[in-house]
Amino acid sequence: MSFVMASLKNLLLSPLRTFIHKDFHDIFDRMTLLDKLFFMMVHFVDKLNLWHRLPVLLGLFYLAARRHLHQEYNLINVGTSNEGDYPNTTVDGKYNDPFNERAGSQFSFFGRNMLPVDQHNKLKNPDPMVVATKLLARRNFIDTGKQFNMIAASWIQFMIHDWVDHFEDTQQIELRAPKEVTSECPLKSFKFFKTKQTPTGFYEIKTGHLNMRTPRWDGSVIYGSNAHVSKKVRTFKDGKLKLSENGLLEQDENGKIIAGDVRNTWAGLMSLQALFIQEHNLVCDALKKEYPDLEDEELYRHARLVTSAVIAKIHTIDWTVELLKTDTLLAGMRANWYGLLGKKFKDTLGHVGGSIFGGLVGMKKPENHGVPYSLTEEFTSVYRMHQLLPDTLQLRNIDATPGPNKSLPLTEIPMEDLIGGKGEENLSRIGFTKQMVSMGHQACGALELWNYPIWMRDLIAQDVDGTDRTHHIDLAALEIYRDRERSVARYNEFRRRMLQIPITKWEDLTDDEQVIETLHQVYGDDVEQLDLLVGMSAEKKIKGFAISETAFFIFLIMASRRLEADNFFTSNYNEETYTKKGLEWVNTTESLKDVLDRHYPEMTEKWMNSNSAFSVWDSSPEPHNPIPLYLRVPHK
């Protein structure tokens, strides 16, 4: 009977194969009937390049169907792990999953959204320094207009330092600039350490890479990813963390900053670390006042959970909404946190209706879709966003009288003076308020070709403890090399494996004739050789999106996964774990502006004109839209 049914199903569906792009025939044949129906719908919309122009509700349905397909076909486990059970959050992220001790912990493997594509015979084809010079290096600074500011650029580094960092091998590699680009390269050659390969114990993927940071949303950027750093940042009094009297990061006896992560830092990142240390300490004060019997360790644990949840919430419904500035993504990101029924309903009646109507946060149990939680190599690759950084920071004169839209006069300081130890010294002179206001008023760079900072092509990298390394690096060339070294698929294959229609010629990617000519120079006519970072930078952007659609579909699956696979956002998202006061704190925080208002109430009132702290502060506030969110239709 099953054979007959299978034959009948194939007979009915076989005509549809002519409609499906040939590259998807194999995976389509392996799909369940429901998944085939979802795929047909998604594929039809993709062929028309239509989803972002659909009415909001239809757009949400498309994204839900695509996310389901990615959850089924784009989550691949890498490496073995042990079972265990532990009732509280741990410093190194272990025991978050009661059935999998190491999932989401420090030293766990990076997972995969697709099987590795071995490129070790093509590590220098085409040469990474040629790619960086001809297609990435900044010619003239391109910004994001009023959409995204330097706080937003700092925020994503704040998140990356919470989530991912690869272990390095002791063996060094050297890249030398070919003659054709030597005169244009700030470094004629540079050395760096290979990514460390570790046996996985698996048959299909034999080696993988270990994560030095905890990939969960646990605030490790301020708390640390191991016991040594965790002890260093704590005061061990009333649950609080160390902070200097001027509201910035404290220094140790060697003059190095004290924070959960101190590697490859700059003034913007340090400012956000200091702000959320202040937030943690204020939560401790509130909990101590509400529950005077709580001791230091209990206050620390509860405050860490609360502060980490505030960070996760800001990223979900504030930062991401500004990054992907469309009504559909506004609805989608809020639905991730609150569900389709919305905040007012959830505040009144609690989490009801499962993840769709009640949101991922507060579900009865975590959902990992049968694959232990991790962040992935592909996720790391699409978060390569160094084009966001400008050449100079525009320091605002906060002693001047604000002009139209609360704008301020400015002076400029080179970005090189704001990184590493020099950055810490200059930040101390600038002060938190001036630094934050200045970043708020300055647009960040756009994720485009020819917009990669030149100063990052001659960069001093750091060790884990913040010590400067001897060898300078060309970060643009190194990022091209890293994707190849870590067997991340190149652009076209990446799209195929994410069920996106691949390109067949350069004109499918861009209308810019100069870009097409340069792509020909670097890659010839072989679109399959196109590097992921270059393709994402060249890709036509969806209106309102600061990132490419290719990057977004990785976000689509992994942004949800960070919440739904974590028991502290699902089964343990309750008063018993967070305390009643702590849960109220998270629930009443909607944005970074709310956090700034708690600690610097005069800042946003005096100098911020925009709705969000992540859009340029002298931009006009978003006008009220009387049309209910779910009934809106995108403007053409």
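Note that this is a predicted model, so its numbers are computed, not measured.

**Student:** Account for the overall build of the chain, naming residues and giving values.
**Tutor:** Broken down by element type, the chain carries 25 helices and eight strands. Taken against the 2.2 N^0.38 rule, which gives 26 Å for 636 residues, the C-alpha radius of gyration of the chain at 24 Å falls within 12% of a compact globule. For the chain, the spread of C-alpha atoms along the three principal axes comes to 70 × 65 × 55 Å. Within the chain, contacts between residues separated by at least 24 positions form 75% of all contacts whose residues are at least 6 apart in sequence. For the chain, the computed accessible surface area is about 26,200 Å², with 54% contributed by carbon and sulfur atoms. With 75 positive and 85 negative side-chain charges, the chain shows a separation of 2 Å between the mean positions of the two kinds.

**Student:** Please set out the environment of F24 residue by residue, giving values where relevant.
**Tutor:** Relative to the assigned elements, F24 resides in the loop between α1 (2-13) and α2 (25-30). As a C-alpha pair, F24 and R496 span 472 residues in sequence and 7.7 Å in three-dimensional space. What F24 contacts, discounting residues up to four positions off in sequence, is F39, H43, R496, L499, Q500, I501 and P502.

**Student:** So, the environment of M363: which residues are in play, and what are the values?
**Tutor:** Examined against the element boundaries, M363 turns out to sit in the loop between α13 (354-358) and α14 (377-382). Aside from chain neighbours lying at most four places away, what touches M363 is H351, S355, E564, F569, T570 and S571.

**Student:** If you had to explain a nonpolar patch on the surface to someone new, which residues and values would you point to?
**Tutor:** Among the surface-exposed residues, L341, V352, I356 and F357 lie close enough to one another that they form a single nonpolar patch of about 330 Å² accessible area. With respect to the element layout, I356 can be found in helix α13.

**Student:** For the confidence of the model for the chain, give the residues involved together with the corresponding values.
**Tutor:** Mean pLDDT over the chain works out to 93, with 93% of the residues at or above the 70 mark. Contacts for the low-pLDDT stretch residues 81-87, under 50 throughout, to residues beyond four places or in other chains number 18 contacts.

**Student:** Requested: an account of the packing of aromatic side chains, with residues and values cited.
**Tutor:** Evaluated as defined, the whole model comprises 28 aromatic pairs. Centre to centre, the rings of F24 and F39 are 5.7 Å apart; their planes meet at 70°, and the pair counts as edge-to-face. Residue F24 is located in the loop between α1 and α2, and its partner F39 is located in helix α3 (residues 33-47); the two are separated by 15 residues in the primary sequence. F24 gets classed as buried once you look at its relative accessible area, which sits at 1%. Chaining the aromatic ring pairs together yields one cluster made of W163, W217, W337, F379, Y383, F555 and F569. Over the ring of W450 we find R139, and its NZ or CZ is 3.8 Å from the ring centre. One cation-aromatic arrangement involves K206 over Y203; the distance from NZ or CZ to the ring centre is 4.7 Å.

**Student:** I'd like a description of the environment of S615, backed by residues and values.
**Tutor:** Within the secondary structure layout, S615 lies in the segment after α25 (601-607). Given the relative accessible area of 7%, S615 is considered buried. Along the chain, S615 and Q442 lie 173 residues apart, while their C-alpha atoms are 9.0 Å from each other. Not counting the four nearest positions on each side in its chain, S615 is found in contact with K146, Q147, N149, E322, G440 and S610. A distance of 3.2 Å separates the side chain of S615 from the backbone oxygen of S612, its partner in a polar contact.

**Student:** Pulling in residues and values, what's your account of the pattern of salt bridges?
**Tutor:** Following the criterion strictly, the structure yields 47 salt bridges and no others. Here R213 and D165 are joined by a salt bridge, their closest N and O atoms 3.6 Å apart. Taken together, the positions of R213 in the loop between β4 (207-208) and α7 (220-223) and D165 in the loop between α6 (150-163) and β1 (168-176) put the pair 48 residues apart, joining distant regions of the chain. E297 is the salt-bridge partner of R234, the closest N and O atoms lying 3.0 Å from each other. Of this pair, R234 sits in the loop between α8 (227-233) and α9 (267-290) while E297 sits in helix α10 (residues 296-323), and the two are 63 residues apart along the sequence.

**Student:** I'd love a proper account of unusual backbone geometry, names of residues and values included.
**Tutor:** For the bond running from N125 to P126, omega is -10°, close enough to zero to count as cis. A positive phi angle, near 50°, is found at N49, a position not held by glycine. Note on placement: N49 falls in the loop between α3 and α4 (56-73). Even without being a glycine, D238 presents a positive backbone phi close to 55°.

**Student:** A description of the pairing of strand β8 (residues 468-473) should follow, citing residues and the corresponding values.
**Tutor:** Where strand β7 (residues 459-462) lies against β8, three bridges are found, and the strand directions are antiparallel. Across the sheet, the residue bridging to L459 is I473, located in β8. Between the end of β7 and the start of β8, which pair antiparallel, lie five residues, with G466 showing a positive phi angle near 90°.

**Student:** I'd like to hear about the nonpolar core, residue by residue, with values.
**Tutor:** In this structure, W51, W155, F276, F552 and L592 are the most contacted members of the largest nonpolar core, which totals 185 residues. With 14 residues, α10 is the largest single contributor of residues to this core. Residues contacting F276, with those up to four places away along its chain left out, are W155, F158, I222, T307, V310, I311, I314, L592 and V595. Among the nonpolar cores identified, the runner-up in size contains five residues, and I76, V78, I205 and L210 belong to it.

**Student:** So what about the packing of α9 against helix α24 (residues 592-599)? Which residues, and what values?
**Tutor:** Contact geometry of α9 with α24 gives a least axis separation of 10 Å together with a crossing angle of 70°. With respect to their mutual orientation, α9 and α24 come out roughly perpendicular. For the element pair α9 and α24, the recorded crossing hand is left-handed. Between α9 and α24, the residues in contact are L275, F276, Q278, E279 and L282 and L592, V595, L596, R598 and H599, respectively.

**Student:** Before we move on, can you summarise helix α15 (residues 420-430) with the specific residues and values?
**Tutor:** Of all the positions in α15, only G420, G423, E424, N426, L427 and I430 are classed as buried. Tucked inside the fold, the buried residues of α15 contact α9, β5 (392-396), β6 (410-414), α16 (432-441) and β7. Just past α15, the residue G431 takes up positive phi, approximately 90°.

**Student:** Report on α10, specifying residues and quantitative values.
**Tutor:** Taking 1.5 Å per residue as the helical rise, α10 with its 28 residues ought to reach 40 Å, and the 38 Å between its terminal C-alpha atoms agrees with that figure. By the largest-angle criterion, H315 marks the main kink of α10, which is about 40°. Taken across its 28 residues, α10 has 25 buried, putting it largely inside the fold.

Thresholds applied
- Residues numbered from 1 in each chain as written.
- Predicted model: local features only at pLDDT ≥ 70, side-chain atom pairs only at ≥ 80, totals over all residues.
- Heavy atoms only, no water.
- Helix = DSSP H or I, 4+ residues; strand = E, 2+ residues; numbered from the N terminus.
- Rg over C-alpha atoms; globule rule 2.2 N^0.38 Å.
- Contact = heavy atoms within 4.5 Å.
- Areas by Shrake-Rupley, 256 points an atom, 1.4 Å probe, with all protein chains shown as cover.
- Lys, Arg positive; Asp, Glu negative; His and termini not counted.
- Charge placed at Lys NZ, Arg CZ, Asp CG, Glu CD.
- Patch = residues over 30% accessible without salt bridge, like charges linked within 9 Å, V, L, I, M, F, W, Y side chains within 5 Å.
- Salt bridge = Lys/Arg side-chain N within 4 Å of Asp/Glu carboxyl O.
- pLDDT = per-residue confidence, 0-100.
- Phe/Tyr/Trp six-rings, centres within 6.5 Å; stacked < 30°, edge-to-face > 60°.
- Buried < 20%, exposed > 50% of the residue type's maximum accessible area, 1.4 Å probe, protein only.
- Lys NZ or Arg CZ within 6 Å of the ring centre and 35° of its normal.
- Polar contact = N/O pair within 3.5 Å; in protein donor to acceptor, adjacent residues only side chain to side chain.
- Pairing = 2+ DSSP bridges.
- Core = buried A, V, L, I, M, F, W, Y, C linked by side-chain atoms within 4.5 Å.
- Axes fitted to C-alpha atoms, helices over the stretch in contact; angles between N-to-C directions.
- Parallel < 35°, antiparallel > 145°, perpendicular 65-115°, else oblique.
- Left-handed = near helix turned anticlockwise from the far one by under 90°.
- Expected span 1.5 Å × (residues − 1).
- Bend = angle between axes of the 7 residues up to and from the residue.

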